[in-house]
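# Survey of secondary and tertiary structure
These are the residues of each chain, in order.
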Amino acid sequence: MATNAELFARAQQVIPGGVNSPVRSFRSVGGTPYFVDRAQGPYVWDVEGRRYIDYVQSYGPTILGHAHKAVIEAVAQAAAQGTSYGAPTEREVLLAETLCSRVPSMAWARLTSSGTEAAMSAIRLARGATGRNKVIKFAGCYHGHSDALLAAGGSGVANQGLADSAGVTPGAVADTVVVPYNQIPEVDETVAVVAVEPVAANMGVVAPEPGFLEGLREACDSAGALLLFDEVITGFRLAPGGATEWFGVEPDVWCFGKVVGGGLPIGVFGGRAEYMEHLAPLGGVYQAGTLSGNPLATAAGLATLEQLNADAYRRLTAIASRLADGMTQAAAAVGVDCVAPRVGSLLGVFFCEKAPANFCEAKAAAENGVYSRVFHRLLSDGVAFAPGPYEALFVSLAHTDEHIDTTIEAFTQALASEVDGG
Ligand SMILES: *Cc1c(COP(=O)(O)O)cnc(C)c1O
């Protein structure tokens, strides 16, 4: 088989930057990306036969670990019966029922093929339902790559060192107001919707400070604006009812993705009935998709959600906290500044003294250069963190205490070299 370097060289001849999503390019950490041959449980193997304990996990979807038997079987069975019909199916109903029963106050859900589509559609719906134009978003929160939401988008945008994207017209973002995370913005009667990641996970992991989400709820209520929780990462990862259940704050509209598709392309947006009834064919807000509610994606999603019971969340949280504690203790032992912000099973790592509370602080911590060096040392030791400092560390139900302890050993070594300057 070809080597990573050979494949990357070929890829760069026919795919811009050699990748189909910018973070994968290793541009922010330097070096050549590994090309994945296969994956199983907590592991990925590259085309050169090297095995890594994987904390990328497709950036969240494979919460059961890679190639989980129940998911593989569900997808295989579904595929044998046809891959897309352009007509409704029972599994779409089952998935929407499952989602609406788990997320408090969500009455209706519509399936899309990506989180980007879900967020973009939720914004359109909020504007259509309120008859207002303005969208408030928080710097460092990512809501996919639709024009109106790309402003100060964190994640890949930040990893590429881009403030914003070229090709987005001033008109497209004229009604987008970007404000700092963990600060209640002024919400007036021109605002259609306030969009927020209830735990920010695309500028590293930044937790909401006590009162932040509650304050947003109040500000939206008094201005008649809608509150949108972008739960594409937190949904079905923090708890059965996502961040909504975890924090006990209920928005008006939601978007989901990642875990809901168990590794197949999916997105979901949902809301209270009074807003969702504005959506075509019931109302005047148009939204559609050839592959929306895809039979393979719904099969994978249902098989994934079925495994996510109370015990699964306890295990995920235990694994995440073992990793967070292990990393911070290892760092303290060698004298490297390190924090591992964690909310339930969602965690991140920053090499700084104090957990960042907003994008400004996250940026200062992410861009001090430590992450790239630690990343490469871990990778050569068989541990794959995300190739950029603005991503979360994704644990799965396939990660055991042993995998975590091996990771912490490698992390300790990586930090020791940091101190030696090695
Ligand atoms: C990943 C992500 C999206 C976009 O989802 P895609 O499936 O990549 O389009 C939107 N919002 C958040 C919070 C995300 O993490």
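Everything here concerns the structure above.
The structure reproduced in this document is the subject of the present report. (Residues numbered from 1 in each chain as written. Predicted model: local features only at pLDDT ≥ 70, side-chain atom pairs only at ≥ 80, totals over all residues. Heavy atoms only, no water.)

## Topic: the site of the ligand
- Every residue near the ligand is listed here: S114, G115, T116, Y142, H143, G144, E197, N202, D230, V232, I233 and K258.
- Between the ligand and N202, the relevant distance is 3.1 Å, taken from an oxygen atom to a side-chain nitrogen or oxygen of the residue.
- A distance of 2.6 Å separates an oxygen atom of the ligand from a polar side-chain atom of K258.
- Of the residues in the shell around the ligand, the class split is 3 nonpolar, 6 polar and 3 charged. (Near = heavy atom within 4 Å. Polar contact = N/O pair within 3.5 Å; in protein donor to acceptor, adjacent residues only side chain to side chain. Nonpolar A, V, L, I, M, F, W, Y, C, P; charged D, E, K, R; others polar.)

## Some words on unusual backbone geometry
- That bond from A280 to P281 is cis: its omega, 10°, falls within 30 degrees of zero.
- In this structure, P281 sits in the loop between α9 (273–276) and α10 (295–307).
- Backbone geometry at Q57 places phi at a positive 45°, although glycine is not the residue there.
- Considering the arrangement of structural elements, one finds Q57 in the loop between β3 (51–54) and α2 (69–80).
- Positive phi, normally seen in glycine, also occurs at S58, with a value near 60°.
- Inspection of the secondary structure assignment puts S58 in the loop between β3 and α2.
- For S58, a relative accessible area of 40% translates into the label partly exposed. (Helix = DSSP H or I, 4+ residues; strand = E, 2+ residues; numbered from the N terminus. Buried < 20%, exposed > 50% of the residue type's maximum accessible area, 1.4 Å probe, protein only.)

## What about the pairing of strand β2 (residues 43–46)?
- Where burial is concerned, the two faces of β2 agree: the one with Y43 and W45 and the one with V44 and D46 are both buried.
- Direction of pairing for strand β1 (residues 36–40) relative to β2: antiparallel, over a ladder of 4 bridges. Residue pairing in the sheet places V36 in a bridge with D46 of β2.
- The turn joining β1 and β2, which pair antiparallel and follow one another in sequence, is formed by 2 residues; a positive phi near 55° is taken by G41.
- Summarising the sheet, β2 and β3 pair through 3 bridges and their orientation is antiparallel. Paired with W45 across the two strands is R51, which belongs to β3.
- Hairpin remark: β2 followed by β3, antiparallel, with 4 residues in the connecting loop; positive phi at G49, about 85°. (Pairing = 2+ DSSP bridges.)

## Considering the state of the cysteines
- In total, this model carries 0 disulfides according to the counting rule given.
- With no disulfide of its own, C220 has C141 as its nearest cysteine by sulfur position, at a separation of 14 Å.
- C220 gets classed as buried once you look at its relative accessible area, which sits at 0%.
- With no disulfide of its own, C255 lies closest to C141 among cysteine sulfurs, the gap being 11 Å.
- Classification of C255 as buried rests on a relative accessible area of 0%. (Disulfide = S-S within 2.5 Å.)

## Section: α2
- Between its terminal C-alpha atoms α2 stretches 17 Å, which fits the 16 Å expected from 12 residues at 1.5 Å a residue.
- Turning to α2, its buried residues number three or more, namely V71, A74, V75 and A78. Down the axis of α2, the sector holding all buried residues measures 95°, keeping them to one side. Facing away from the buried side of α2 by more than 90 degrees, the exposed set consists of K69, Q77 and A80.
- In the core, the buried residues of α2 are packed alongside α3 (90–102) and α10.
- Directly beyond the C-terminal end of α2, a positive phi value near 110° is found at G82. (Expected span 1.5 Å × (residues − 1). Arc of directions from axis to C-beta. Contact = heavy atoms within 4.5 Å.)

## Structural notes on the packing of α2 against α10
- Running from amino to carboxyl end, α2 crosses α10 at an angle of 155°, the nearest separation of the two axes being 8 Å. It follows that α2 is roughly antiparallel to α10 by the angle criterion. Crossing of α2 against α10: the hand is right-handed. Residues A70, V71, A74, V75, A78 and A79 of α2 touch α10, and the partners they reach there are P295, L296, A299, A300, A303, T304 and Q307.
- The residue inventory of the contact of α2 with α10, partitioned by class, reads 11 nonpolar, 2 polar and no charged. (Axes fitted to C-alpha atoms, helices over the stretch in contact; angles between N-to-C directions. Parallel < 35°, antiparallel > 145°, perpendicular 65-115°, else oblique. Left-handed = near helix turned anticlockwise from the far one by under 90°.)

## A short note on the side chain of D252
- With respect to the helices and strands, D252 occurs in the loop between α8 (242–247) and β9 (253–257).
- Classification of D252 as buried rests on a relative accessible area of 5%.
- Within the structure, D252 has its side chain in polar contact with the side chain of R217 (distance 2.9 Å).
- Looking at D252, its side chain comes within polar contact range of the main-chain nitrogen of L227, at 2.8 Å.

## Focus: the sheet that holds strand β10 (residues 267–271)
- The strand order across the open sheet built from 7 strands is β4-β10-β9-β8-β7-β5-β6, with neighbouring strands paired in mixed fashion. Both outer strands of the open sheet, β4 (108–112) and β6 (176–179), are each paired with one neighbouring strand and no more. This sheet shows a mean twist of 20° between the axes of neighbouring strands, independent of strand direction.
- Of the pairings in the sheet, the one linking strand β8 (residues 226–230) to β9 comprises 3 bridges and is parallel in character.

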